[in-house]
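# Survey of secondary and tertiary structure
So you can see what is in the structure, the chains are spelled out below.
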Amino acid sequence: MSDAQHLSPRINAARMADFVGKEARLVGRVLSMDSTRMTIEACDGGQVIVTNIANADIENSFVEVVGKVTNSTTIHMHACINMGNDLDTKLVNDTIELIHDSRYYSKIFS
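Below is a short write-up of the structure. Not measured: the values here are computed from a predicted model.

### Looking at the pattern of salt bridges
- For the structure shown, the criterion picks out 6 salt bridges.
- For the salt bridge of Glu 64 with Arg 10, the shortest nitrogen-to-oxygen distance reads 2.5 Å. Residue Glu 64 is located in strand β5 (residues 62-71), and its partner Arg 10 is located in strand β1 (residues 10-11); the two are separated by 54 residues in the primary sequence.

If you want it as structure tokens, here you go:
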């Protein structure tokens, strides 16, 4: 397996459609959860459904979900990183947009 297959770039809700079938990282605030899924508000304000949360240890308001994007509004979680209860989501979103800027993206993910 090549290194490119192990990459999981950070995305926001607006970029999910570009990553369907690919691994990605999504930062957001937990809005609701039950035993099988949760809804988060991504750093750009979009709502995303996270599936496969049964073994997740979610302790904070903000999390980073690592997983495979299944469609433009859903990600299948492989791991979850607690990000605390106070996060500057505008800064996170601005960083994501900068990373995905065509001037930089190929330098970071090639």
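Okay, back to it.
### Here we look at the nonpolar core
- Counting residues in each nonpolar core, the largest one holds 19 residues, and the members touching the most others are Leu 26, Met 38, Ile 40, Val 48, Val 50, Val 65 and Ile 75.
- Among residues more than four places away in sequence, those in contact with Ile 40 are Leu 26, Gly 28, Arg 29, Val 30, Leu 31, Gly 46, Gln 47, Val 48, Val 50, Val 63 and Val 65.

### Quick look at unusual backbone geometry
- Its identity as a non-glycine residue notwithstanding, Asn 52 has a phi of 70 degrees, on the positive side.
- Here Asn 52 shows up in the loop between β4 (47-51) and β5.

### Describing a nonpolar patch on the surface
- Judged by side-chain polarity, Leu 98, Tyr 104 and Ile 108 come together as a nonpolar surface patch covering roughly 280 Å² of accessible area.
- Relative to the assigned elements, Tyr 104 resides in the loop between α1 (89-99) and α2 (105-108).
- By relative accessible area, Tyr 104 is classed as partly exposed at 34%.

### So, the side chain of Asn 12
- Assignment of secondary structure puts Asn 12 in the loop between β1 and β2 (23-33).
- Looking at Asn 12, its side chain comes within polar contact range of the side chain of Asn 93, at 2.8 Å.
- Side chain to side chain, Asn 12 and Glu 97 meet in a polar contact 2.7 Å long.
- Those residues within four positions of Asn 12 in sequence are excluded, and the remaining contacts are Leu 26, Cys 43, Asp 44, Asn 93, Ile 96 and Glu 97.

### Side note on the environment of Ser 32
- Tracing the backbone through its elements, the reader meets Ser 32 in strand β2.
- Taking relative accessible area as the criterion, Ser 32 reaches 40% and is therefore assigned partly exposed.
- Residues Ser 32 and Ile 49, 17 residues apart in the sequence, show an inter-C-alpha distance of 9.7 Å.
- What Ser 32 contacts, discounting residues up to four positions off in sequence, is Met 38 and Thr 39.

### Remarks on the pairing of strand β3 (residues 37-42)
- When β2 meets β3, the two strands line up antiparallel, connected through 5 bridges. From the neighbouring strand, Met 33 faces β3, where its bridge partner is Met 38.
- The antiparallel hairpin formed by β2 and β3 contains 3 residues in its connecting segment.
- Where β3 folds back onto β4 in an antiparallel hairpin, the turn is made up of 4 residues, including Gly 45, whose phi is positive at roughly 95 degrees.

Conventions we followed
- Residues numbered from 1 in each chain as written.
- Predicted model: local features only at pLDDT ≥ 70, side-chain atom pairs only at ≥ 80, totals over all residues.
- Heavy atoms only, no water.
- Salt bridge = Lys/Arg side-chain N within 4 Å of Asp/Glu carboxyl O.
- Helix = DSSP H or I, 4+ residues; strand = E, 2+ residues; numbered from the N terminus.
- Core = buried A, V, L, I, M, F, W, Y, C linked by side-chain atoms within 4.5 Å.
- Buried < 20%, exposed > 50% of the residue type's maximum accessible area, 1.4 Å probe, protein only.
- Contact = heavy atoms within 4.5 Å.
- Patch = residues over 30% accessible without salt bridge, like charges linked within 9 Å, V, L, I, M, F, W, Y side chains within 5 Å.
- Areas by Shrake-Rupley, 256 points an atom, 1.4 Å probe, with all protein chains shown as cover.
- Polar contact = N/O pair within 3.5 Å; in protein donor to acceptor, adjacent residues only side chain to side chain.
- Pairing = 2+ DSSP bridges.

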